Amino acid sequence: MARKRRNLPFDAVGSEFDRGISTAVYLRLSAENSGKDDDGMSMENQKKICMDFLQKHDELELYDVYEDNGRSGTDMDRPALNRMLEDIQNGRVKCVIVKDLSRFSRNYLDAGIYLENVFPFLGVRFISIADNFDSFSMDASGAGFMIAMKNLLNAEYAKDISRKINSTFQERQRKCQILPSFGPYGYVKSKSVAYRYEIDEETAPYVKRIFAWTIEGKRWCEIIRLLDGLDAPTPAARKYELGIWHNEKYAVSRWNTKTLNDLLRNPIYTGSIVYGRMPKNLAEGVLKHRTKPDEWLVFPNMHEALVTQEQFDEVQKILDRKSAEMKRKHKVGQKHRAKIIDRFKGRIFCGDCGGKMRFIKAHDTGTGRCRSRYVCARYLDSQNEKCSRHSIPVEEVEWSALNLIKEQRRCIERYEKARVKVGSQLERSFSTEVRSVTESLKSVAKQQESLFEAYVEKRMDAGEYTAKKAPLNDRYDELEAELKELKRRREDCLSVTDGAGVWIRAVRDSRKQSGLTPELVGSMIESVQIFEDGRMEIRLKYVEERKRLEALYGELIEEGGAYV
């Protein structure tokens, strides 16, 4: 059934509205209001208001509903918002509806950038129902002033809320009456006692083993290998199993050194509840940051401990020694490592597992030589038995890449010599062929004309005319196709003689750079793959163009009669 057209508040192309503007409904509820039954801001009420608005505007067609539940409006890094912005960038969404501006953002600078610059540039209509704001119908100057004022008020409101929340949180922390949304690895929130943790029987044994292995002196790579051997779920995978996190990527997350360090540094495993390790304060402009232990608020003996205080303290000493040793080594070679550059950043991969190769900076202070290497990152992180270390010296990769680029330059030099020798000769050859085919075309055209005149003057009947005309028409078509192919081949060969290709220009520009720079690598090399058996595959850019020109080059040499 055809959709009923309405009088729109702005001019629009009819065909666009016949199919409906692809529209996103965006909903957001802050962490402090998440789960509360609030008639004004609940997710259900926001959605109902937006869907009612949609039903009254036939020109708008729902694409998707994007919901950020428990997310602050002062931060633009929200999962559903990011997904919506990606759909906008890909052209899937052309209109955004929110209940009010504060649902989109409480940061007036961020909101202003999107509403006054990004969305207009992308041709996206923005509608805030409660604010009676429609970007396609409001006067530009009035809209800009209204947006700025509204967002400024939202920002101040967010700061005021932050002050109240911080005050409430601090009071509840002093009474030990608040916990994060989910328990740390090894624990789950107690179902019988408020604001307390219980042992997670599934993961607690792994926590104990991680502490024990660290005390035994095992390296992190060894611990990761042991955990993988036991099929121990990572903290992210455990949250996915418990239904706390829902993205499937967490189900296949891997153990890494950062996860281990964070776990071993957490005093929660001694039975204590600790507040203030990573505080922030929006109202005071304080971003999230790590604090020292003497700044923490600690409540001991609040739940069953997984390690003793002595074990925890011993592990802290081990970690502190490791950290100090790393800093010492880093400081010793810092001056030399600063000169070491990863010229293949983002372009070098393991040919066996497909993962990235990690750039390991190293400098031999004795010989003064660079000892940096590329090593399979997946192997380093987990000692994955499906892959191996198969590292390669950086110098070897650079030497191979530079020689390959030099070969491209020599190839271009041969092209340039060939163009000088045979360019004009080839042009003459093509011109001769083109003239010959053109003359043949004129001859056939004259024969067709004479045949037609004979038929008009009744010197032949229709049957004879038709019989003689058919081969002439076929011959004319053949000659036209031959002429077209000659011109195409002439243009292709001229692209060689003129040196206008992207690959040729890139190689020419590479001559201006001395040595192997990241810029040179970026302009010439697509990727590098390192294999366990020692093979190295360097894939150059512009492969198809190079192959085409190489084929034409051989043809150019053959037809031009020159050899270089």
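Residues numbered from 1 in each chain as written. Predicted model: local features only at pLDDT ≥ 70, side-chain atom pairs only at ≥ 80, totals over all residues. Heavy atoms only, no water.

**Side note on the overall build of the protein**
Part 1 of the reasoning: When helices and strands are counted, the protein shows 17 helices and 15 strands.
Part 2 of the reasoning: For the protein, buried positions account for 37% of its 564 residues.
Part 3 of the reasoning: Within the protein, counting contacts between residues at least 6 apart in sequence, those at least 24 apart form 64% of the total.
Part 4 of the reasoning: Accessible surface computed for the protein: about 32700 Å², of which carbon and sulfur atoms make up 50%. (Helix = DSSP H or I, 4+ residues; strand = E, 2+ residues; numbered from the N terminus. Buried < 20%, exposed > 50% of the residue type's maximum accessible area, 1.4 Å probe, protein only. Contact = heavy atoms within 4.5 Å. Areas by Shrake-Rupley, 256 points an atom, 1.4 Å probe, with all protein chains shown as cover.)

**Quick notes on helix H8 (residues 220–229)**
Part 1 of the reasoning: Those residues of H8 not exposed but buried are Cys221, Ile223, Ile224 and Leu227. What you see down the axis of H8 is that its buried residues fit within an arc of 160°, all on one side. (Arc of directions from axis to C-beta.)

**Quick notes on the pattern of salt bridges**
Part 1 of the reasoning: In total, this model carries 24 salt bridges according to the counting rule given.
Part 2 of the reasoning: The salt bridge involving Asp100 is made with Lys99; its shortest N-O contact spans 3.3 Å.
Part 3 of the reasoning: Using a relative accessible area of 7% as the deciding quantity, one classes Asp100 as buried.
Part 4 of the reasoning: With a shortest N-O distance of 3.0 Å, Glu464 and Lys468 are connected by a salt bridge. In this pair, Glu464 and Lys468 are both assigned in helix H14 (residues 462–498), four residues apart and thus about one turn of the helix distant. (Salt bridge = Lys/Arg side-chain N within 4 Å of Asp/Glu carboxyl O.)

**Observations regarding the sheet that holds strand S13 (residues 392–393)**
Part 1 of the reasoning: Read across the sheet, three strands follow the order S11-S12-S13 without closing on themselves; strand pairing throughout is antiparallel. With partners counted over all chains shown, the strands left at the sheet margins are strand S11 (357–360) and S13, one partner each.
Part 2 of the reasoning: In this structure, strand S12 (residues 373–376) lies alongside S13, joined through two bridges in antiparallel fashion. Paired with Arg373 across the two strands is Pro393, which belongs to S13. (Pairing = 2+ DSSP bridges.)

**Quick look at the environment of Asp110**
Part 1 of the reasoning: You can see Asp110 is positioned in helix H5 (residues 108–122).
Part 2 of the reasoning: Sequence separation between Asp110 and Met76 is 34 residues; the distance between their C-alpha atoms is 7.6 Å.
Part 3 of the reasoning: Beyond its immediate sequence surroundings of up to four residues, Asp110 is in contact with Thr74, Met76 and Ser105.

**Details of a nonpolar patch on the surface**
Part 1 of the reasoning: Taken together, Phe452, Tyr455 and Val456 make up a surface patch of nonpolar side chains, about 280 Å² in accessible area.
Part 2 of the reasoning: Inspection of the secondary structure puts Phe452 in helix H13 (residues 394–456).
Part 3 of the reasoning: Owing to a relative accessible area of 44%, Phe452 belongs among the partly exposed residues under this scheme. (Patch = residues over 30% accessible without salt bridge, like charges linked within 9 Å, V, L, I, M, F, W, Y side chains within 5 Å.)

**A look at the pairing of strand S15 (residues 536–540)**
Taken residue by residue, a regular strand's side chains alternate between the two faces of the sheet.
Part 1 of the reasoning: Relative to S15, strand S14 (residues 525–530) runs antiparallel, the two being bridged by five bridges. Across the sheet, residue Ser527 finds its bridge partner in S15, namely Arg539.
Part 2 of the reasoning: Once S14 ends, the chain turns through five residues before running back antiparallel as S15, passing Gly534 with a positive phi of about 95°.

**Quick look at the confidence of the model for the protein**
Part 1 of the reasoning: The predicted model of the protein averages 78 in pLDDT, with 75% of residues at 70 or higher.
Part 2 of the reasoning: Across the protein, helix H7 (residues 204–216) holds the top mean pLDDT of 96, while helix H1 (residues 14–19) sits lowest at 41.
Part 3 of the reasoning: Predicted confidence is poor over residues 34–39, with pLDDT under 50, and the contacts of this stretch with residues over four places away or in other chains come to seven contacts. (pLDDT = per-residue confidence, 0-100.)

**Things to note about the packing of aromatic side chains**
Part 1 of the reasoning: If you walk through the whole model with that rule in mind, you get 17 aromatic pairs.
Part 2 of the reasoning: On the basis of an interplanar angle of 20° and a centroid distance of 6.0 Å, the ring pair of Tyr187 and Tyr269 is categorised as stacked. Residue Tyr187 is located in strand S6 (residues 187–189), and its partner Tyr269 is located in the loop between helix H10 (257–264) and strand S8 (273–275); the two are separated by 82 residues in the primary sequence.
Part 3 of the reasoning: Residue classification places Tyr187 among the buried residues on the basis of a relative accessible area of 3%.
Part 4 of the reasoning: Note on Trp245 and Tyr250: the rings are 4.7 Å apart at their centroids and 45° apart in plane angle, and the pair reads as tilted. (Phe/Tyr/Trp six-rings, centres within 6.5 Å; stacked < 30°, edge-to-face > 60°.)

**A short note on the packing of H8 against H10**
Between two packed helices, the angle of one axis relative to the other and the distance separating the axes together describe the packing.
Part 1 of the reasoning: Between H8 and H10, the least distance of the axes is 10 Å, while the angle of their chain directions is 95°. When the interaxial angle is binned, H8 and H10 end up roughly perpendicular. Contacts between H8 and H10 involve Trp220, Ile223, Ile224 and Leu227 on the former and, on the latter, Thr257, Leu260, Asn261 and Leu264.
Part 2 of the reasoning: Taken together, the residues that form the contact of H8 with H10 break down as six nonpolar, two polar and no charged. (Axes fitted to C-alpha atoms, helices over the stretch in contact; angles between N-to-C directions. Parallel < 35°, antiparallel > 145°, perpendicular 65-115°, else oblique. Nonpolar A, V, L, I, M, F, W, Y, C, P; charged D, E, K, R; others polar.)

**Comments concerning the side chain of Arg125**
Part 1 of the reasoning: Residue placement: Arg125 occurs in strand S4 (residues 125–128).
Part 2 of the reasoning: Judged by its relative accessible area of 1%, Arg125 is buried.
Part 3 of the reasoning: A distance of 2.5 Å separates the side chain of Arg125 from the side chain of Asp134, its partner in a polar contact. (Polar contact = N/O pair within 3.5 Å; in protein donor to acceptor, adjacent residues only side chain to side chain.)

**Focus: the sheet that holds strand S2 (residues 60–69)**
Part 1 of the reasoning: One open sheet accounts for five strands, arranged S2-S1-S3-S4-S5; its pairing is mixed. One side of each edge strand has no neighbouring strand; the edge strands of this open sheet are S2 and strand S5 (133–134).
Part 2 of the reasoning: Note: strand S3 (residues 95–98) against S4, four bridges, orientation parallel. In the strand pairing of S4, Val96 is matched with Phe126.
Part 3 of the reasoning: Helix-sheet contacts for helix H3 (residues 79–89) involve strand S1 (21–29), S2 and S3, and the interaxial angle to S2 is about 150°.

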